[in-house]
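Chain and residue survey
The primary structure of each chain is shown beneath.
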Amino acid sequence: MEPRDPSRDVGAPAPVPQEPVRTCVGCRGRGSRSVLVRVAFVDGRAVVDERRILPGRGAWLHPDPQCLAQALRRRALPRALRVAELDVTGLEVG
């Protein structure tokens, strides 16, 4: 006998939608989109995508200067954004 699917019960509560999970390129920790900051590549520079709508690839970081420092030390931002050269001057995530 197959297990009964509770979502098919009349009057059963709808499943709670899960928020997308992303990985921080600095510490490699996981977190929801609402917790992490998206960094995008615009005109040769890394910029914080506050509205999370800029086109192209994005890299996700915790809003912690240590995660940014770790990502820069490991050269994870250019790798995540798939670019050879990346200007990170003025980039602040905290």
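Above: the structure in question.
One structure accompanies this document, and this report is about it. Just so it is clear, the structure is predicted and the values come from calculations on it, not from any experiment. (Residues numbered from 1 in each chain as written. Predicted model: local features only at pLDDT ≥ 70, side-chain atom pairs only at ≥ 80, totals over all residues. Heavy atoms only, no water.)

**Remarks on unusual backbone geometry**
Which entries qualify depends on this criterion: Helical segments are the DSSP runs of H or I of at least four residues, strand segments are the runs of E of at least two, and each set is numbered from the N terminus. Only protein chains enter the accessibility calculation, which uses a 1.4 Å probe. A residue is then buried if its area is under 20% of the maximum for its type, exposed if over 50%, and partly exposed in between.
You will see that D43, though not glycine, has its phi angle at about 50°, which is positive. By secondary structure assignment, the location of D43 is in the loop between strand 3 (37-42) and strand 4 (45-48). Phi at R82 takes a positive value of approximately 55°, unusual for a residue other than glycine. Counting through the fold element by element, R82 comes out in the segment after helix 2 (76-81). Judged by its relative accessible area of 63%, R82 is exposed.

**Regarding the nonpolar core**
What counts is decided by this rule: Residue types Ala, Val, Leu, Ile, Met, Phe, Trp, Tyr and Cys, when buried and joined through side-chain atoms within 4.5 Å, form a set referred to as a nonpolar core. In this analysis, two residues are considered to be in contact whenever any of their non-hydrogen atoms come within 4.5 Å of each other.
Ranked by size, the top nonpolar core spans 20 residues in total, and within it V25, L61 and L77 carry the most contacts. Elements that contribute at least two residues to this core include exactly strand 3, strand 5 (58-61), helix 1 (65-73) and helix 2. Considering each element in turn, this core owes the most residues, four residues, to helix 2. Residue contacts for L77: discarding those within four places in its chain leaves V25, V39, A59, L61, L68, A71, L72, L86, V88 and L91.

**Digging into the sheet that holds strand 4**
Short version of the rule: Strand pairing requires that DSSP identify at least two bridges connecting the strands. With axes taken as lines fitted to C-alpha atoms, and helix axes fitted only over the stretch in contact, angles between N-to-C directions fall between 0 and 180 degrees.
The sheet built from three strands is open, its strands ordered 4-3-5 with antiparallel pairing. At either margin of the open sheet sits one strand with a lone partner, and together these are strand 4 and strand 5. The average undirected angle you get between the axes of adjacent strands in this sheet is 35°. Strand direction decides the pairing type here: strand 3 and strand 5, joined by four bridges, are antiparallel. Note that in strand 5 the partner of A40 across the bridge is G58.

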